[in-house]
Structure formats: C-alpha cells, structure tokens
Amino acid sequence: MRPFHERIALLQKHIAGVLSKLPAHLTYHHAGHTMDVLNQSLQIARAEGVTDEWELWLLRTAALMHDIGFTKVYNGHEEKSCEIAGSLLPLYDYTPSEIGYIQSLIMGTKIPQTPPDKLGSILCDADLDYLGRDDFWPIAEGLRKEWLHEKIILTQEQWMQVQIRFLGAHVYFTDYSKKYREPLKQIHLKALENAV
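Residues numbered from 1 in each chain as written. Predicted model: local features only at pLDDT ≥ 70, side-chain atom pairs only at ≥ 80, totals over all residues. Heavy atoms only, no water.

**As for the nonpolar core**
In step 1: Core analysis: the biggest nonpolar cluster contains 53 residues, and L11, M65, L89 and Y94 have the highest contact counts within it.
In step 2: The element best represented in this core is helix α3 (residues 53–65), accounting for 7 residues. (Core = buried A, V, L, I, M, F, W, Y, C linked by side-chain atoms within 4.5 Å. Buried < 20%, exposed > 50% of the residue type's maximum accessible area, 1.4 Å probe, protein only. Helix = DSSP H or I, 4+ residues; strand = E, 2+ residues; numbered from the N terminus.)

Next up, the structure:
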C-alpha cells in the first residue's frame with residue numbers, strides 16, 4: 001500500500017481537477033474555498049496539538065472532499081459529498097472504516113454544524129474560518145452572489161438579516177478559533193447590525 005503522503009497527493013490532484021469544472025455562478029463554494037478549508041484545517045490542527053500522521057491524513061481528506069458534492073447538487077451537497085467519497089476513496093486504498101469516519105466529518109459541517117469529535121471541530125472551524133478574518137467582506141460578497149443566483153435570498157435586506165442571524169448563532173469549537181477568530185467575528189456582526 002502506498003504511504004499516506006503519496007495517496008493524499010494523488011487524491012488532491014484528482015479533486016483539484018474535478019473542482020476546476022465547477023460552474024462560474026458558485027462564487028463562494030469554489031476550488032479556492034476548498035483549498036482555504038484544507039489550509040486552515042492544518043493550521044488549526046497544529047495549534048490544537050494534532051500531530052498524528054494518520055489523523056492529519058483523515059482530516060486533509062475530509063477537507064478536500066467536504067464540498068465535492070457541489071459538482072452534482074446544491075441542496076444536500078454534504079450527503080452527495082459522502083456518496084462521492086464512498087465511491088472515490090477506495091480507489092486510493094482507504095478502508096471502509098476510514099471512509100465512514102471521513103463521511104462523519106463531512107456531515108458534521110452541515111449547518112447547524114455538529115462535529116463528531118476533535119477532528120470534526122477542526123474541520124467545522126476551518127470551514128467557517130473566514131467569519132473572523134479580515135477577508136470576511138469579499139468572501140461574504142461571493143456567498144451573497146451565489147445565493148442570489150440560487151434564489152436563496154432575493155433582496156439585500158434579506159441577505160443582511162440572514163447574515164446577522166447566522167453570525168449571531170454561530171459558535172467556534174476549537175480553542176484556536178475562539179481566540180483568533182471569534183473577536184473579529186463579533187466586530188463583523190456589530191458592523192452588520194449597525195448597517196440595517
């Protein structure tokens with residue numbers, strides 16, 4: 001069996017190719033978002049003391065696969081991502097139990113987030129890391145455009161209300177994100193509230 005780093009490199013190359021074909025109207029859920037989630041997952045994992053190579057491999061896999069369902073559907077993309085993982089990962093020598101665990105990490109990112117464990121908490125925080133970053137506004141604008149296209153929202157007022165409710169209800173799970181993302185997220189929330 002090939003070592004972890006070889007398998008994840010091949011899988012990442014394959015997924016990058018698949019995600020590069022996503023439709024242009026996905027201005028938030030695109031390949032750049034997946035790579036951001038991957039990078040933030042590894043950063044949070046380091047800060048949280050996760051050093052086990054196998055655990056990091058599973059986390060990287062879940063980060064890469066968590067939104068691949070958008071290649072097939074918009075609503076229910078997490079379930080579709082799990083379905084794709086179930087058919088794709090055996091080709092990269094993942095065991096049934098590893099695949100089942102990766103699927104549980106992916107499902108944990110579904111809103112409202114329900115991480116199954118520490119790795120799940122890391123993935124959930126990485127998925128919404130931008131809420132507490134300086135690039136919140138341009139990334140949120142990408143989501144607004146995507147939701148307008150999908151008719152999830154119809155007006156700017158509706159968008160602002162959804163954003164305020166979402167940021168107000170959202171919680172980070174890891175100590176890293178609570179320390180380094182929560183404070184700026186609260187500033188963004190206050191700015192949204194002051195804008196309506």
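**Side note on the environment of S121**
In step 1: Counting through the fold element by element, S121 comes out in helix α6 (residues 118–127).
In step 2: With a relative accessible area of 14%, S121 lands in the buried category.
In step 3: Between the alpha carbons of S121 and F173 there is a distance of 5.6 Å; along the sequence they are 52 residues apart.
In step 4: Not counting residues up to four positions away in its chain, the partners in contact with S121 are P115, F173 and T174. (Contact = heavy atoms within 4.5 Å.)

**A look at the pattern of salt bridges**
Where charged atoms of side chains with opposite charge meet at close range, the side chains can pair.
In step 1: For the structure shown, the criterion picks out 9 salt bridges.
In step 2: When the shortest N-O distance is used, the salt bridge between E193 and K190 registers 3.7 Å. Here the residue E193 and the residue K190 both occupy positions in helix α10 (residues 182–195), the gap between them amounting to 3 residues, near one helical turn.
In step 3: Residues joined by salt bridges that share partners form a network here, namely D36, D129, R133, D135 and R181. (Salt bridge = Lys/Arg side-chain N within 4 Å of Asp/Glu carboxyl O.)

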